[in-house]
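Tertiary structure, described
So you can see what is in the structure, the chains are spelled out below.
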Amino acid sequence: MSTCYNPKTMDELGQALSQLTGRSLILAGGTDLVLRLRSKHLEPDALLSLSGVPDLQEIEITPERASIGAMSTMARVNQALDGLPDLQALADAAGGVGSPQIRNKGTIGGNAANASAAADLPPVLWLLNAQAEIMGPGGARRTIPVQELPDGHQGNTLAVGEVVVRFVIDRPPLKGWRSAFVKLGHRSQVTISRIGLAAALLQEEDGTVRDARIVAGAIKPVPFPLPAAEDILRGKRPDPALAVELGETFKGNTRRVYKENAAKGVFQDILLRFQ
Ligand SMILES: Cc1cc2nc3c(=O)[nH]c(=O)nc-3n(C[C@H](O)[C@H](O)[C@H](O)COP(=O)(O)OP(=O)(O)OC[C@H]3O[C@@H](n4cnc5c(N)ncnc54)[C@H](O)[C@@H]3O)c2cc1C
């Protein structure tokens, strides 16, 4: 039978992490892990629940940075960031995950650490150059770019006994930028992304794009930037008529022809957000 750890403070969390082995599991909101535990009949030697540590649920937004505890639920991330132009893409992505029940349980840490190629938040965390703060055995801390978090390609890049404790986004470099996230799924609700598109634009007063960043998700095992699409947008207004040309930049990035075609519609949707 597994040992269960349920720390209540960050110090207790550090101590509990020291007890974990390669056969132990970390439990956040459980929306993925509980299904996996059942379907794969996993028998971990220990289960560490993060839900009792209030610090992991803290969200702090200042003009300098957004600090989002790894145990912040999708619902809370959406609520805290909705309406902040630079961080809107993260609010959009969190607000579009699953159903209200999933958004009330599923966490930002679980979404990013799960290493699912179809997860909605990683492309946005990449877009916003988020940093992930990691705690290891004994409470040791280190910070890494989100690009180095576990992914569907390399597998788990966290060491045994390491957890993500929070995400930090530096806001001054995003001053004046607006961002948005749009996803394409089989259905309009409770759907896994077939394409996730995160975009941030810095626009002149008349709407002309001075600078652009675009990151696509759910196409490859990890998100990837689309520099050719960014080039197309610079110096132009974000007219939805550009969607066809922008969609062409998906060519060579996916073997699924329908995604190449569907990308045009997704670009159109995202451009409408910047009118
Ligand atoms: C019906 C349904 C619909 C869904 N819809 C979507 C969707 O639209 N978009 C989407 O992206 N996902 C979706 N998901 C997947 C899932 O709900 C999300 O990825 C969710 O954010 C996972 O978070 P969690 O807290 O529940 O993670 P858990 O299930 O608790 O954990 C997931 C994995 O991450 C690890 N982990 C969790 N937190 C940490 C941490 N802080 N540090 C290190 N490792 C950690 C766990 O050990 C586990 O391996 C859906 C799932 C279901 C069941």
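A look at the overall build of the chain
Counting its secondary structure elements, the chain contains ten helices and twelve strands. For 275 residues, the compact-globule estimate of 2.2 N^0.38 gives 19 Å, and the chain sits close to it at 19 Å. Expressed as lengths along the three principal axes of its C-alpha atoms, the size of the chain is roughly 60 × 40 × 30 Å. A buried classification covers 50% of the 275 residues belonging to the chain. Contacts in the chain between residues far apart in sequence, at least 24 positions, make up 59% of those at least 6 positions apart. Accessible surface, the chain: about 13,100 Å² in total, of which carbon and sulfur atoms supply 51%. Between the mean site of the 30 positive side-chain charges and the mean site of the 29 negative ones, the chain shows a separation of 6 Å.

Let's talk about unusual backbone geometry
Phi at Asn-129 takes a positive value of approximately 50°, unusual for a residue other than glycine. Locating Asn-129 in the fold gives a position in the loop between α7 (121-127) and β6 (131-135). By relative accessible area, which is 45% here, Asn-129 ends up partly exposed. Here the phi dihedral of Ala-218 falls at roughly 70°; this positive angle occurs in a residue that is not glycine. Tracing the backbone through its elements, the reader meets Ala-218 in the loop between β11 (209-217) and β12 (224-225). Look at Ala-218 and you get buried, because its relative accessible area is 10%.

Regarding the site of the ligand
The immediate surroundings of the ligand are formed by 30 residues, with Ile-26, Gly-29, Thr-31, Leu-33 and Thr-107 found nearest. Between the ligand and the protein, one listed contact pairs an oxygen atom with a side-chain N or O atom of Asn-111 at 2.8 Å. If the ligand stood free it would expose 980 Å²; the protein chains cover 88% of that surface. For the shell around the ligand, the elements supplying multiple residues, two or more each, are α2 (33-39), α6 (108-113) and β8 (163-170).

A short note on the nonpolar core
With 38 residues, the main nonpolar core has Leu-90, Leu-125, Leu-149 and Phe-167 as its most contacted residues. Each of domain 2 (54-172) and domain 3 (176-272) gives at least three residues to this core. Excluding its chain neighbours within four sequence positions, the residues that come into contact with Leu-149 are Ala-112, Ala-132, Ile-134, Ile-144, Thr-157, Leu-158, Val-164 and Phe-167. In this structure, Ala-180, Leu-242, Ala-263 and Phe-274 belong to the second largest nonpolar core, which totals 27 residues.

Observations concerning the packing of helix α3 (residues 74-81) against helix α4 (residues 88-95)
It is at 8 Å that the axes of α3 and α4 come closest, and there the two elements cross at 145°. Where α3 crosses over α4, the two elements pack in a sense that is left-handed. Contacts from Met-74, Val-77, Asn-78 and Leu-81 of α3 reach α4 at Gln-88, Leu-90, Ala-91, Ala-94 and Gly-95.

Here's the deal with the pairing of β11
In this structure, strand β10 (residues 195-203) lies alongside β11, joined through eight bridges in antiparallel fashion. Bridging across to β11, Leu-202 finds its partner in Asp-211. Where β10 folds back onto β11 in an antiparallel hairpin, the turn is made up of five residues, including Gly-207, whose phi is positive at roughly 100°. Strand direction decides the pairing type here: β11 and β12, joined by two bridges, are antiparallel. If you follow Val-215 over to β12, its bridge partner there is Pro-225. Remark: six residues form the turn of the hairpin made by β11 and β12, two consecutive strands paired antiparallel; Ala-218 in that turn has positive phi of roughly 70°.

Calculation notes
Residues numbered from 1 in each chain as written. Predicted model: local features only at pLDDT ≥ 70, side-chain atom pairs only at ≥ 80, totals over all residues. Heavy atoms only, no water. Helix = DSSP H or I, 4+ residues; strand = E, 2+ residues; numbered from the N terminus. Rg over C-alpha atoms; globule rule 2.2 N^0.38 Å. Buried < 20%, exposed > 50% of the residue type's maximum accessible area, 1.4 Å probe, protein only. Contact = heavy atoms within 4.5 Å. Areas by Shrake-Rupley, 256 points an atom, 1.4 Å probe, with all protein chains shown as cover. Lys, Arg positive; Asp, Glu negative; His and termini not counted. Charge placed at Lys NZ, Arg CZ, Asp CG, Glu CD. Near = heavy atom within 4 Å. Polar contact = N/O pair within 3.5 Å; in protein donor to acceptor, adjacent residues only side chain to side chain. Core = buried A, V, L, I, M, F, W, Y, C linked by side-chain atoms within 4.5 Å. Domains from an automatic or database assignment. Axes fitted to C-alpha atoms, helices over the stretch in contact; angles between N-to-C directions. Left-handed = near helix turned anticlockwise from the far one by under 90°. Pairing = 2+ DSSP bridges.

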